[in-house]
Amino acid sequence: MWGGRFSDGPDALMTAINASIDFDRRLYAQDIAGSLAHASMLVEAGILTRADGAAIARGLKQVEGEIEAGKMAWDPALEDIHMHVETRLKQIVGDAGGRLHTARSRNDQVAVDFRLWVRDAIDRLDAGLKALQQALLDQAEKHAGTIMPGFTHLQAAQPVTFGHHLMAYVEMTARDRSRLIDARKRLNESPLGAAALAGTSFPIDRHMTAKALGFTAPMANSLDAVSDRDFALEYLSAGAILATHLSRLAEEIVLWSSAQFGFVRLADKFTTGSSIMPQKRNPDAAELVRGKTGRVIGSLNTLLVVIKGLPLAYGKDMQEDKEPLFDAADTLELCVAATTGMIADMTADTARMYAAAGLGYATATDLADWLVRKLNLPFRDAHHVTGALVKLAEGRKCGLEELSLADLRTIEPRITADVLSVLGVDRSVASRTSYGGTAPREVKKQIARWRRQLGKEKTS
């Protein structure tokens, strides 16, 4: 590969540290696609003969078929996927195969391969996230009116509906998808033709190869084209936020499925047992989603540290970009699929949720709001009165709704029997009719909006 510059071959340790074929073989389809586009352009530019171009195209398709059939012999001495494809191509088509590398470098070759791979990964992940949104919508629609406790500080705060709670994750997932789509737009420029760092003296047509590979345009600076890994960092950044969202949902599933909460039951296929405690039903899928978030965040940190000190243009350090991203992509796709499965097969204990919704004086804010509306108290005064009533109920070891009118009037004499209309969790939830609120009718509106939005994606 190195021609006449070196008199000795590499040391075995150099071969071991230098080779990347064990992981970058995953780029084979993108590498072959880029080579096909490059060869076609070389023919149109008059740099390759049509006979050589046809032979190269035929040979590349054969190489692709051999790799997919598991017939490629991987050799660390050939270092990477690019040299494996080129070496096998030359074995198949002879000298024509050696002309493929005209007007390009492995620097722009790997840059285009990696961009294509990440673009495909974004498309796969987006499809998975859309399926997760559908699963969340299905459960939210089923439970638009199912009342449960809402929490702040993991303490009972106000009653909400289970559907409303799940719809929060639809919104979070939508932002995840939006970040990935934005990253894809910025990613979608072609580095092919930048060569090693300075471009090439051959009369190539970079717009032709960009179009052939589905890019919007060629990158405008050859140095930037071969050294940029922003697209990988953006994917990992968006992935780290996504993984954090999945982890939050996983944590709630762990809590909800515990005996202490008992809000949901996971399907058998997403739980495991214990080797010693026969009664156990462990939410291992959720716990693993929560745990694997660290891997994705770690992959982002890895690549940030690799890139932070590199001068332009290409350095061999950049070979370290692929393993963390491949691992993160695999992890994200698996975690999204597992979360989708858990949500789709999850069963809610609506009675347990309803009973818990009234605990912890969850309608106290409704009482304070009533005092503002009916008695014209400033909210801070209403807050004080309500706090005193909660203290009274705590002393009586009863709920607010169990206090008599006489009890209520010991704190605020102007309270009327009408106050009892706001102290039930059903009325509390139904009253939250502001846009984006938890009232069942508002939840149903949001579900309908998302059904329409996701439905449009099928035809767009």
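Placed above this text is the structure.
Residues numbered from 1 in each chain as written. Predicted model: local features only at pLDDT ≥ 70, side-chain atom pairs only at ≥ 80, totals over all residues. Heavy atoms only, no water.

Draft legend 1. Structural view of unusual backbone geometry. Cis geometry is found at the peptide bond from Leu312 to Ala313, where omega equals 10 degrees. For Asn376, which is not glycine, the phi torsion reads 60 degrees and is therefore positive. Assignment of secondary structure puts Asn376 in the loop between helix 15 (364-375) and helix 16 (379-396). Judged by relative accessible area, which is 66%, Asn376 ranks as exposed. (Helix = DSSP H or I, 4+ residues; strand = E, 2+ residues; numbered from the N terminus. Buried < 20%, exposed > 50% of the residue type's maximum accessible area, 1.4 Å probe, protein only.)

Draft legend 2. Up close: the pairing of strand 2 (residues 155-161). In the sheet, strand 1 (residues 147-152) pairs with strand 2 via six bridges, with the strands oriented antiparallel. Following the sheet pairing, Thr152 is matched in strand 2 by Gln155. Where strand 1 hands over to strand 2, the hairpin turn is made up of two residues, of which His153 adopts a positive phi near 60 degrees. (Pairing = 2+ DSSP bridges.)

Draft legend 3. Molecular detail of empty space enclosed by the protein. In the structure shown here, the tally under the stated rule is two cavities of 30 Å³ or more. Surrounding the largest cavity, Leu132, Tyr169, Met172, Thr173, Asp176, His245, Leu246 and Leu249 form its lining. Contributions of two or more residues to the lining of the largest cavity are made by helix 8 (162-187) and helix 11 (230-256). The greatest single-element share of the lining of the largest cavity, amounting to four residues, is contributed by helix 8. (1 Å grid on protein atoms, 1.4 Å probe; cavity = no way out; pocket = protein on both sides within 12 Å on 5 of 7 lines; lining within 4 Å. Points joined across faces, edges and corners; volume = space filled by probe spheres on them.)

Draft legend 4. View of the pattern of salt bridges. Tallied over the entire structure, the rule returns 31 salt bridges. Note that Lys269 and Asp345 form a salt bridge whose closest N and O atoms lie 3.1 Å from each other. In this pair, Lys269 sits in the loop between strand 5 (264-265) and helix 12 (284-307) while Asp345 sits in helix 13 (residues 322-345), placing the two residues 76 residues apart along the sequence. Judged by its relative accessible area of 29%, Asp345 is partly exposed. Overlapping salt bridges, with partners in common, bring together Asp126, Lys130, Arg177 and Glu457 in one network. (Salt bridge = Lys/Arg side-chain N within 4 Å of Asp/Glu carboxyl O.)

Draft legend 5. Region of the structure containing the packing of helix 8 against helix 19 (residues 440-457). Where helix 8 meets helix 19, the closest approach of the two axes is 10 Å, and the angle between their N-to-C directions is 30 degrees. For the element pair helix 8 and helix 19, the recorded crossing hand is left-handed. Taken together, the residues of helix 19 that come into contact with helix 8 (itself represented by Gly163, His164, Met167, Val170, Glu171, Ala174 and Arg177) are Val443, Gln446, Ile447, Arg449, Trp450, Leu454 and Glu457. The residue inventory of the contact of helix 8 with helix 19, partitioned by class, reads seven nonpolar, three polar and four charged. (Axes fitted to C-alpha atoms, helices over the stretch in contact; angles between N-to-C directions. Left-handed = near helix turned anticlockwise from the far one by under 90°. Contact = heavy atoms within 4.5 Å. Nonpolar A, V, L, I, M, F, W, Y, C, P; charged D, E, K, R; others polar.)

Draft legend 6. Structural context of the nonpolar core. With 91 residues, the main nonpolar core has Val118, Phe162, Tyr235 and Leu325 as its most contacted residues. Examining the composition of this core, we find that 15 residues originate from one element, helix 11, more than from any other. Phe162 has contacts with His143, Thr146, Met148, Trp256, Val264, Met346, Ala348 and Met353, leaving out every residue within four places of it along the chain. (Core = buried A, V, L, I, M, F, W, Y, C linked by side-chain atoms within 4.5 Å.)

Draft legend 7. Summary view of the layout of surface pockets. Taken as a whole, the largest pocket spans an internal volume of roughly 550 Å³. Taken together, 23 residues form the lining of the largest pocket, with Gly150, Phe151, Thr152, His165 and Glu252 sitting closest to its centre. Secondary-structure elements contributing two or more residues to the lining of the largest pocket are strand 1, strand 2, helix 8 and helix 11.

Draft legend 8. Just the packing of aromatic side chains, in detail. Within the structure shown, the criterion is met by six aromatic pairs. Between Phe114 and Phe231, the aromatic rings sit 5.5 Å apart at their centres with planes inclined by 75 degrees, giving edge-to-face as the arrangement. Of this pair, Phe114 sits in helix 7 (residues 106-142) while Phe231 sits in helix 11, and the two are 117 residues apart along the sequence. On the basis of relative accessible area, Phe231 is assigned to the buried category, the value being 3%. (Phe/Tyr/Trp six-rings, centres within 6.5 Å; stacked < 30°, edge-to-face > 60°.)

Draft legend 9. Representation of the side chain of Arg104. Mapped onto the elements, Arg104 comes out in the loop between helix 6 (95-98) and helix 7. Buried charge Arg104 goes without a salt bridge, the closest partner of opposite sign being Glu86 at 5.1 Å. Among the polar contacts listed, one links the side chain of Arg104 to the side chain of His101, at a separation of 3.2 Å. With residues near it in sequence (within four places) discarded, Arg104 still touches Gly34, Ser35, His38, Gln109 and Ala195. (Lys, Arg positive; Asp, Glu negative; His and termini not counted. Polar contact = N/O pair within 3.5 Å; in protein donor to acceptor, adjacent residues only side chain to side chain.)

Draft legend 10. Inspection of the environment of Phe270 at higher detail. By the secondary structure assignment, Phe270 is in the loop between strand 5 and helix 12. Spatially, the C-alpha atoms of Phe270 and Gly436 are 32 Å apart, while their sequence positions differ by 166 residues. When near neighbours in sequence (up to four residues on either side) are disregarded, Phe270 contacts Asn282, Pro283, Asp284, Ala285, Ala338, Gly341, Met342 and Asp345.

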